[in-house]
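# Observations on the three-dimensional arrangement
Next come the chains, spelled out residue by residue.
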Amino acid sequence: MVVWLVGLVGGFKMPLPSTCPKEFASMPEHFVEDTMELLIFASQIPKALDGILLDDFMNFIIMFMASPQFIKNPYLRAKMVEVLSCWMPSGSGSSATSSLFEGHQLSLEYLVRNLLKLYVDIEFTGSHTQFYDKFSIRHNIAELLEYLWQVPSHHNSWKQVGHLPRPVHVALSMLEAEMSNIAEWERRPPQERQERTRLFHSHENIIRIDMKLANEDVSMLAFTSEQITAPFLLPEMVERVVSMLNYFLLQLVGPQRKSLTQKDPEKYEFRPKVLLKQMVRIYVLARGDTKNIFPAAISSDGRSYNEQLFSAAADVLWRIGEDGRIIKDFIELGAKAKAAASEDMDTEAALGDIPDEFLDPIQYTLMKDPGILPSSRIIIDRPAIQRHLLSDSTDPFNRSHLTAEMLIPNTELKARIEEFIRSQKLKRHGESLNMQSSKGTILPPSGEMLID
């Protein structure tokens, strides 16, 4: 059945055709669903799959689990992930399946990127239960990704992932939503909390799932950032990353940290010490950032940044036994962020009043790389629209389809902005020199000393 279905799209090869053949599209879903259910059932029987060649099944799963244009049903593609979870050597799968992950050709080339793509696609399933469904599906994907990260043969695949920012963006959004549940409960008035106690108990399991997935999201970001730093420093991602980090640093070590205190935090899988250590390890990914992109982004976060948080976090890290080298790198990052904040203030003062035509229409900040949206013809900063496209592939002004490649560069306006910055800085520098010169020419009256 699997070989026949794959034959309808041209055989076991990647990438798939740009359009889905009518013959394949007309096949009933239960052909695939029955196959996946059979594989899951057989995988749960000890040694049932020993001696059976599973390569064709693995090829089929890798080819179609991240291809909604061929298999639209997200739950059907999620079923494929469930099969992989059963086969994962560290799980219930036998050691015989390890070659499917560690030596299989399509697996080495496409498994990581397709899992990341499905991680994003599963956000919207179209079902009224999609909010809860995505947690269990992403839990399976996160476990697979963590296992693949530890497989040496997959390291090159991780480094070649070009669309990593969007899964990271989704993980950050998920993380903020998940961790806020406990904090939101603690902020409610005592009377309201008492009234909602029964409802709260009925949702305890959901909170546990939220925190479990939050822990997995942070863990995935931490081990990913160890060696793959470039995506985190992209203009469309760096502000999103540091905004999340600063916000949770504020929650974990800031003045309101006691609001997160729980009588039995392990009951909800809430481990603040572990979270803080992982957050700090993500922070110090900037060790190879020679252009100081990360410190500048940290200091520009108006929502949560406070230079005192870094020293407060360092004190906590010493107490909970974090590696001294990590703490040192973290403190140095805080010092760089403080210097960047001071430099930003000087730059802002030097620029003075900025013409409206130089300001981004969404963020109302000075544009660095202006571009023209193809349909609405609005001029917008490229990093701003790229951040928007991480979660919505439409023009924010008229909802027409939009990709980053469709943005039209506005080189003329970019040159004018750069000239404006240069002229304002020169003007500011000239005023400063004139002030110093004026001070130097002031002479005391009658040649006497001003201070006796």
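Residues numbered from 1 in each chain as written. Predicted model: local features only at pLDDT ≥ 70, side-chain atom pairs only at ≥ 80, totals over all residues. Heavy atoms only, no water.

### What about the confidence of the model for the protein?
Confidence in the prediction of the protein, expressed as mean pLDDT, is 80, and 79% of residues score 70 or more. With pLDDT under 50 throughout, residues 162-169 is counted as low confidence; its partners more than four residues away or in other chains account for 23 contacts. Note on residues 442-452: pLDDT is under 50 here. Beyond four places in sequence and across chains, it has two contacts. (pLDDT = per-residue confidence, 0-100. Contact = heavy atoms within 4.5 Å.)

### Regarding the sheet that holds strand S2 (residues 379-381)
Overall, antiparallel pairing links the three strands, which are arranged S2-S1-S3 in an open sheet. Bordering the open sheet on either side are S2 and strand S3 (408-409), each of which pairs with just one other strand. Pairing of strand S1 (residues 370-372) with S3 involves two bridges; the strand directions are antiparallel. Bridged to Ile 372 within S3 is Ile 408. Running at roughly 80° to S2, helix H19 (residues 382-389) makes contact with S2 and S3 of the sheet. (Pairing = 2+ DSSP bridges. Helix = DSSP H or I, 4+ residues; strand = E, 2+ residues; numbered from the N terminus. Axes fitted to C-alpha atoms, helices over the stretch in contact; angles between N-to-C directions.)

### Examining a negative patch on the surface
On the surface, Glu 343, Asp 344, Asp 346 and Glu 348 cluster together to form a negatively charged patch. Following the sequence through the fold, Glu 343 ends up in helix H18 (residues 324-351). (Patch = residues over 30% accessible without salt bridge, like charges linked within 9 Å, V, L, I, M, F, W, Y side chains within 5 Å. Areas by Shrake-Rupley, 256 points an atom, 1.4 Å probe, with all protein chains shown as cover. Salt bridge = Lys/Arg side-chain N within 4 Å of Asp/Glu carboxyl O. Lys, Arg positive; Asp, Glu negative; His and termini not counted. Charge placed at Lys NZ, Arg CZ, Asp CG, Glu CD.)

### Things to note about the side chain of Arg 382
Of note, Arg 382 is situated in helix H19. Excluding residues within four positions of it along the chain, Arg 382 makes contact with Asp 369, Ala 404, Leu 407 and Pro 409.

### As for the packing of aromatic side chains
Counted by the stated rule, this structure contains 11 aromatic pairs. Consider the rings of Phe 24 and Phe 64, whose centres lie 5.1 Å apart with planes at 10°: the pair is stacked. Residue Phe 24 is located in helix H2 (residues 22-25), and its partner Phe 64 is located in helix H4 (residues 55-64); the two are separated by 40 residues in the primary sequence. Accessibility expressed as a relative area gives 0% for Phe 64, which makes it buried. Each ring, one from Phe 310 and one from Phe 330, has its centre 4.9 Å from the other, and the planes form 25°; the classification is stacked. Placement of the pair is Phe 310 in helix H17 (residues 307-319) and Phe 330 in helix H18, with a sequence separation of 20 residues. Neither Phe 310 nor Phe 330 differs from the other in exposure class; each is buried. A cation sits over an aromatic face here: Arg 138 above Tyr 119, 4.8 Å from the ring centre. (Phe/Tyr/Trp six-rings, centres within 6.5 Å; stacked < 30°, edge-to-face > 60°. Buried < 20%, exposed > 50% of the residue type's maximum accessible area, 1.4 Å probe, protein only. Lys NZ or Arg CZ within 6 Å of the ring centre and 35° of its normal.)

### So, helix H14 (residues 235-253)
Helix length check: H14, at 19 residues, gives a terminal C-alpha distance of 28 Å against a target of 27 Å (1.5 Å per residue), a fit within 8%. With 15 of its 19 residues buried, H14 lies for the most part within the structure. (Expected span 1.5 Å × (residues − 1).)

### Some remarks on a nonpolar patch on the surface
On the surface, Leu 38, Phe 41 and Ile 45 cluster together into a nonpolar patch covering about 320 Å² of accessible area. Mapped onto the elements, Phe 41 comes out in helix H3 (residues 30-43). On the basis of relative accessible area, Phe 41 is assigned to the exposed category, the value being 53%.

### Comments concerning H3
Between its first and last C-alpha atoms H3 spans 19 Å; for 14 residues at 1.5 Å apiece the expected length is 20 Å, and the two agree. Those residues of H3 not exposed but buried are Val 32, Thr 35, Met 36, Leu 39, Ile 40, Ala 42 and Ser 43. In a view along the axis of H3, the buried residues occupy a sector of 170°, so they form one face of it. Along H3, exposed side chains directed more than 90 degrees from the buried face belong to Leu 38 and Phe 41. (Arc of directions from axis to C-beta.)

### Observations regarding unusual backbone geometry
Keep in mind that most residues, glycine aside, have a negative phi and that most peptide bonds are trans. In this structure, Pro 15 follows Met 14 across a cis peptide bond, with omega equal to 0°. On the secondary structure map, Pro 15 appears in the loop between helix H1 (2-7) and H2. For Asn 292, which is not glycine, the phi dihedral falls at a positive 55°. Since its relative accessible area comes to 37%, Asn 292 is described here as partly exposed. Residue Arg 399 is not a glycine yet carries a positive backbone phi of 65°. Topologically, Arg 399 is positioned in the loop between H19 and S3.

### A word on the pattern of salt bridges
On inspection of all chains with the given rule, the structure shows 11 salt bridges. The salt bridge partner of Glu 266 is Arg 271, with a shortest N-O separation of 2.9 Å. With relative accessibility at 45%, the residue Glu 266 sits in the partly exposed group. In this structure, the salt-bridge partner of Arg 281 is Glu 322, at a minimum N-O distance of 3.1 Å. Taken together, the residues span a long stretch of sequence, with Arg 281 in helix H15 (residues 272-283) and Glu 322 in the loop between H17 and H18 at a distance of 41 residues.

### Side note on the packing of H4 against helix H5 (residues 74-87)
Their axes nearest at 10 Å, the elements H4 and H5 cross at an angle of 135°. It follows that H4 is oblique to H5 by the angle criterion. In this structure, H4 meets H5 at a crossing whose hand is left-handed. In this structure, H4 uses Phe 57, Met 58, Phe 60, Ile 61 and Phe 64 to contact H5, whose residues at the interface are Arg 77, Met 80, Val 83, Leu 84 and Trp 87. Each residue belonging to the contact of H4 with H5 can be placed in one class, and the counts come to nine nonpolar, no polar and one charged. (Parallel < 35°, antiparallel > 145°, perpendicular 65-115°, else oblique. Left-handed = near helix turned anticlockwise from the far one by under 90°. Nonpolar A, V, L, I, M, F, W, Y, C, P; charged D, E, K, R; others polar.)

### Remarks on the environment of Leu 413
For Leu 413, the location among the structural elements is in helix H20 (residues 411-441). Linking Leu 413 and Ile 379, residues 34 residues apart in sequence, is a C-alpha distance of 9.5 Å.

### Some thoughts on the environment of His 401
Along the polypeptide, His 401 turns up in the loop between H19 and S3. Sequence-wise, His 401 and Pro 374 are 27 residues apart; in three dimensions their C-alpha atoms are separated by 9.8 Å. Leaving out residues up to four positions away in the same chain, His 401 has contacts with Ser 393 and Met 406.

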